[in-house]
Amino acid sequence: MRMIILSRDSNLYSTRRLKEAGEAQGHEVRVIDPMRCYMDITSHNPKVLYQGIPIVDADAIIPRIGAANTFYGTAVVRQFEIMGVFTPNSSQAITRSRDKLSSLQLLARRGIGLPVTGFAHATQDIDGLIELVGGAPLVIKLLEGTQGIGVVLAETYQAAKSVIEAFRGLDANILVQEYIKEAKGSDIRCFVVGDKVIASMKRQGADGEFRSNLHRGGSATKAKLTPEERSTAVRAAKAMGLRVAGVDLLRSHHGPVVMEVNSSPGLEGIEKYTDTDVATKIITYIERSLTGRESSADH
Ligand code: ADP
Ligand code: MG
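Residues numbered from 1 in each chain as written. Chains lettered and ligands numbered in written order. Predicted model: local features only at pLDDT ≥ 70, side-chain atom pairs only at ≥ 80, totals over all residues. Heavy atoms only, no water.

Trainee: Explain the overall build of the chain to me, please; I cannot follow it from the model alone.
Mentor: The helix and strand tally for the chain stands at nine helices and 15 strands. In terms of overall size, the chain behaves like a compact globule, its C-alpha atoms giving a radius of gyration of 20 Å where 299 residues would be expected to give roughly 19 Å. Considering only C-alpha atoms, the chain reaches an extent of 60 × 40 × 40 Å along its principal axes. Looking at the chain as a whole, 51% of its 299 residues qualify as buried. Look at the contacts in the chain between residues 6 or more apart in sequence, and 66% of them connect residues 24 or more apart. When the accessible surface of the chain is totalled, it reaches about 14,700 Å², and 50% of it is carbon and sulfur. Across the chain, the 37 positively charged side chains and the 34 negatively charged ones have centroids separated by 2 Å. (Helix = DSSP H or I, 4+ residues; strand = E, 2+ residues; numbered from the N terminus. Rg over C-alpha atoms; globule rule 2.2 N^0.38 Å. Buried < 20%, exposed > 50% of the residue type's maximum accessible area, 1.4 Å probe, protein only. Contact = heavy atoms within 4.5 Å. Areas by Shrake-Rupley, 256 points an atom, 1.4 Å probe, with all protein chains shown as cover. Lys, Arg positive; Asp, Glu negative; His and termini not counted. Charge placed at Lys NZ, Arg CZ, Asp CG, Glu CD.)

Given below as structure tokens:
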């Protein structure tokens, strides 16, 4: 098969591993920078061009679109979809996953457990918002944040009120969330491929840090999931329409709650801490999907 990894940097761990794994399975794998793809969107013969040359004969793409490039990156993915090229994560699902607010709304609608979460526009409604999530301590999140930046724990009502006012004063959109104290600074990253959790790890924030992000100095160990956690992760990925996803859960007194669903989950931490060949599992999933697609087209 001919596979294309859409990634800005072929030296990134995840990109390298996917290329290696694809080649080891006998595929032709190219890494292409989505920001350097341009396209003919009008023709009845839609094209993506890279360095002046149309990309023809690709069977599958593996999008690894960074949060900063969602708009252009998903346009490139969409163009490949129009050309009939297989992608595990559709442009629509990637776009959806990048909006924390609409993602949570979508998950809630599917009955998936979430921390109690509120959203408001006007500063006059801050008191109501704080009350809605059960008062302080509570967590405040910038809608645009990633890697733990823009996530604040407000320990008291006064702190919560000032931080919310400050963010709203800057016109930043924020979510206010119940603080899941019993998670004790840890969360569970479930790596979903197709309809299975293929690896999971428990991440623990550095001492005195409530955020478990590895980018914030956290560490991780392999996690053993309960059946409920496993099914929550799979249902969350499915609700988002993602077939490769990193679903982050918190272990709360009221069962697993989903914090976010990532459409380009990193491979480095999960492979290292769980000793799983995640890259090969993704490649195998793509192979199976394509074989299924060909045989159903025959009928
Ligand atoms: P980001 O997209 O920046 O990673 P997250 O929503 O995943 O933002 O939050 C970052 C980290 O903060 C999480 O991994 C988790 O450890 C912690 N955290 C976030 N929300 C809560 C919450 N409601 N209760 C307890 N801890 C939380
Ligand atoms: Mg996170």
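From this point, things continue past the structure.
Trainee: Would you explain the environment of V31 in this entry?
Mentor: For V31, the location among the structural elements is in strand β2 (residues 28-32). Excluding residues within four positions of it along the chain, V31 makes contact with I5, S7, S10, T15 and K19.

Trainee: Got a minute to help me understand the site of ligand 1 in this structure?
Mentor: Close contacts around ligand 1 come from 20 residues, with K141, G148, E178, N213 and E260 the closest. Here an oxygen atom of ligand 1 and a side-chain polar atom of K141 are 2.6 Å apart. Considered on its own, ligand 1 offers 540 Å² of accessible surface; in the complex 97% of this is hidden by protein. Among the elements of the structure, β8 (138-142), β10 (174-178) and β15 (255-262) are those that each provide at least two residues to the shell around ligand 1. (Near = heavy atom within 4 Å. Polar contact = N/O pair within 3.5 Å; in protein donor to acceptor, adjacent residues only side chain to side chain.)

Trainee: So what exactly am I meant to see when it comes to the environment of A206 here?
Mentor: Mapping A206 onto the fold places it in the loop between β12 (196-204) and β13 (219-222). Once the C-alpha coordinates of A206 and S219 are considered, the two residues, 13 residues apart in sequence, prove to be 7.3 Å apart. With sequence-adjacent residues up to four places away left out, A206 is seen in contact with R216, G217 and G218.

Trainee: Looking at this model, I keep getting lost on unusual backbone geometry. Mind explaining?
Mentor: Note: most peptide bonds trans; most residues except glycine with negative phi. For the bond running from A136 to P137, omega is -5°, close enough to zero to count as cis. Along the chain, the position of P137 falls in the loop between α5 (126-132) and β8. Its identity as a non-glycine residue notwithstanding, Q51 has a phi of 50°, on the positive side. If you trace the backbone, Q51 turns up in the loop between β4 (47-50) and β5 (53-54). Positive phi outside glycine occurs at K184, with the angle close to 50°. Tracing the sequence through the fold places K184 in the loop between β10 and β11 (186-193).

The values are spatial; any link to function lies outside them.
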